[in-house]
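# A look at the structure
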Amino acid sequence: MDIIVNEELKAYIDPLTQDEHDALERSLLAEGCRDALVLWGDVLIDGHNRYGICSKHGIPFNTVQNTRFKSMDDVHLWMIEQHLGRRSVSDYQRGVLALRKRDILETRRRSEQEQLRRESEGEAAPGTPADADSPPWEPAPKLSKADLAREAKLSPSQVTMIEKIHDHATAEVIEAMRVGAISLSAAATVASLPEDEQRAAARGGKDELKQAAKRVRDAKRKPKPTHEEGDDAQPLSMAEADGLDDTTDAPVNPEIQALRQRVASLTAENQALRMELDALRARMLAAQADETAEA
C-alpha cells in the first residue's frame, strides 16, 4: 500500500522539538515501531513522525484502519482527542486544540440548524447532506469555556489567555513562550500590542518581552484617587482636574495629561449622577405628597 501523507493533517498538530524527535528516533531504532500507524483509506492520520523515521531507517511498522471517520472534521476531532490525552503536549497546545474542537463543533451546530431549516422549508429532503462534511452526524454539543478548560486540563482564565495569544500574538511571541522565555500570562499581555511592537520585543529577547508586558500592565492600571470619597465629598473642580498648573509653559507629561483627562471624565460622571439622584429624590417626594393628599 502506498501511504499518502496529507500535509494539512501533518501540520495540524505542532511538530516535535528536535530533542523530542531525536528521542523518538533512538527509541524506534532500539525497540522497533510497536504502535500501529492509523490510516483512513490510504491517508496517514496518526504516526507521521514514526512513519518518517521508519521510512528513513527501513524499520518495519504495522497499520490499522479507522473505519469510523465520515468526514475530515471527524479526523480532526479524533486527532484532537488523541493529543489532549498526551502528557507531552504543552498547556498552550492543549488550549489551542480545545479551541479548534470548539470551532469544529460550532460549525457543525450551524450546519445542523441550516439543514433543519432547508428541510422545514422544503429545500432539501430529510437526510440528504450536500457534501461529506454536512449532516447527518452525531449531534454537536455546545461547549462552554468551562467545558473547554476541563477537557484541556486548564483553568478558564488560561483558556482565555490562550485564545488571545492564538488570535493576536505574532509567531515570534508564540515561539518565545514555547521555549520558556516568557510565561503564558506575559505572552497574552504582549499580544495586545501592535504586531511590529511584538516583533521588536521578541527580537530584544527575554528581558525586553518582560518589560513590554510590564508596560502594558502599568498602562491598564487605574490611577489611585487623590481625594477621600464619601457622601459629603465634593467633586473636583475643572481647575483641580487640570492640576492648577496649566498656566505654565512647561511641557506636560503624556501620562499626567491622561490622568487629568481621566479625573475630568470621572468628575463629569459624578456631577451627572448627583443631578440624576436629585431628580429621583424630587420625584419620590412628589409621589409621597400625592399619596398623602389622596389619604
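Owing to the predicted nature of the structure, the values given are computational and were not obtained by experimental measurement. (Residues numbered from 1 in each chain as written. Predicted model: local features only at pLDDT ≥ 70, side-chain atom pairs only at ≥ 80, totals over all residues. Heavy atoms only, no water.)

## With respect to the packing of helix α10 (residues 195-203) against helix α11 (residues 206-220)
Put simply, the rule reads: Orientation is described by lines fitted to C-alpha atoms, with helices fitted over the stretch in contact, and by angles between N-to-C directions that extend from 0 to 180 degrees. Under the scheme used here, helices are H or I runs from DSSP no shorter than 4 residues and strands are E runs no shorter than 2 residues, and both carry numbers assigned from the N terminus. Each angle is binned into one of four classes, with values under 35 degrees roughly parallel, values over 145 roughly antiparallel, values of 65 to 115 roughly perpendicular, and all other values oblique. Should any heavy atoms of two residues lie within 4.5 Å, those residues are considered in contact.
Orientation of α10 relative to α11, taken along the N-to-C sense of each, is 140°, at an axis distance of 6 Å. In terms of their interaxial angle, α10 and α11 are classed as oblique. Across the interface between the two elements, A200, A201 and A202 from α10 touch E208, L209 and A212 from α11.

## Remarks on helix α6 (residues 145-152)
Applicable threshold: Each residue's exposure class comes from its accessible area (1.4 Å probe, protein chains only) as a fraction of the maximum for that residue type: buried when under 20%, exposed when over 50%, partly exposed otherwise. To be clear, the arc concerns the directions from the helix axis to the C-beta atoms.
Within α6, burial applies to L148, A149 and A152. Buried residues along α6 cover an arc of 100° about the axis, so they all sit on one side. Where α6 is buried, its residues touch α4 (72-84), α5 (91-120) and α7 (156-168). Positive phi appears at K153, one or two residues downstream of α6, with a value of about 60°.

## Focus: unusual backbone geometry
The phi dihedral of K153 is positive, around 60°, even though this residue is not glycine. Along the polypeptide, K153 turns up in the loop between α6 and α7. Take K153: its relative accessible area is 61%, and that puts it in the exposed class.

## Some thoughts on the sheet that holds strand β2 (residues 43-46)
Put simply, the rule is: Each pair of strands is called paired provided DSSP finds at least two bridges between the two strands.
Strand order in the open sheet made by the three strands is β2-β1-β3, with mixed pairing throughout. A strand with exactly one partner marks an edge of an open sheet, and here the two such strands are β2 and β3 (63-65). Direction aside, neighbouring strands of the sheet carry axes that sit 45° apart on average. Where strand β1 (residues 37-40) meets β3, three bridges bridge the pair, whose relative direction is parallel. Each residue of the ladder has a partner; that of L39, found in β3, is Q65. Against the sheet, helix α3 (residues 48-57) makes contact with β1 and β2, and its axis sits at roughly 120° relative to β2, the strand it touches most. Sheet contacts for α4: β1 and β2; angle to β2, the most-contacted strand, approximately 30°.

## So, the packing of aromatic side chains
Rules: The criterion for an aromatic pair is that two Phe, Tyr or Trp rings (for Trp, the six-membered ring) have centres within 6.5 Å, with stacked assigned to planes under 30 degrees apart, edge-to-face to planes over 60 apart and tilted to the rest. Either the NZ atom of lysine or the CZ atom of arginine qualifies as a charge over a ring when it sits within 6 Å of the ring centre and within 35 degrees of the ring normal.
Tallied over the full model, the rule gives three aromatic pairs. Ring centres of W40 and F69 lie 6.0 Å apart, and the angle between their planes is 80°; this geometry places the pair in the edge-to-face category. Of this pair, W40 sits in strand β1 while F69 sits in the loop between β3 and α4, and the two are 29 residues apart along the sequence. A relative accessible area of 9% means that F69 is categorised as buried. Measuring from ring centre to ring centre gives 5.9 Å for F69 and W78, while their planes differ by 75°; the resulting arrangement is edge-to-face. An identical accessibility class is assigned to F69 and W78; each is buried. A cation sits over an aromatic face here: R100 above Y12, 4.6 Å from the ring centre.

## Quick notes on α11
It helps to recall that an α-helix has 3.6 residues per turn; residues three or four apart then point in one direction. Let me state the cut-off plainly: Expected span, for any helix, means 1.5 Å times one less than how many residues it has.
With 15 residues, α11 should reach 21 Å at 1.5 Å per residue; the first-to-last C-alpha distance of 22 Å fits that figure. Within α11 the residues assigned to the buried category are L209, A212, A213 and V216. Each buried residue of α11 sits inside an arc of 95° when the element is viewed along its axis, so together they form one side. Buried residues belonging to α11 abut α8 (171-178), α9 (184-190) and α10.

## Focus on the confidence of the model for the protein
Test applied: The pLDDT value expresses, per residue, how confident the predictor is, ranging between 0 and 100.
With 76% of its residues at a pLDDT of at least 70, the protein reaches an overall mean of 81. In this model, residues 236-250 is a region of pLDDT below 50 whose contacts with residues beyond four sequence positions or in other chains number 14 contacts.

## Quick word on the pairing of β1
Pairing between β1 and β2: three bridges, direction antiparallel. Within the sheet, the bridge partner assigned to W40 lies in β2 and is V43. Where β1 hands over to β2, the hairpin turn is made up of two residues, of which G41 adopts a positive phi near 70°.

## Considerations on the pattern of salt bridges
Using the following cut-off: Within this document, salt bridges are pairs made up of a side-chain nitrogen of Lys or Arg and a carboxyl oxygen of Asp or Glu, the two lying within 4 Å of each other.
Summed over the entire model, instances satisfying the criterion amount to 19 salt bridges. Across the pair E106 and R110 runs a salt bridge, and its minimum N-O distance is 3.9 Å. Remark: R110 and E106 occur in helix α5; sequence separation between them is four residues, near one turn of the helix. Taking the relative accessible area as the measure of exposure, R110 reaches 47% and is therefore partly exposed. With a shortest N-O distance of 3.6 Å, E172 and R199 are connected by a salt bridge. Here E172 is found in helix α8, whereas its partner R199 is found in helix α10, with 27 residues between them in sequence.

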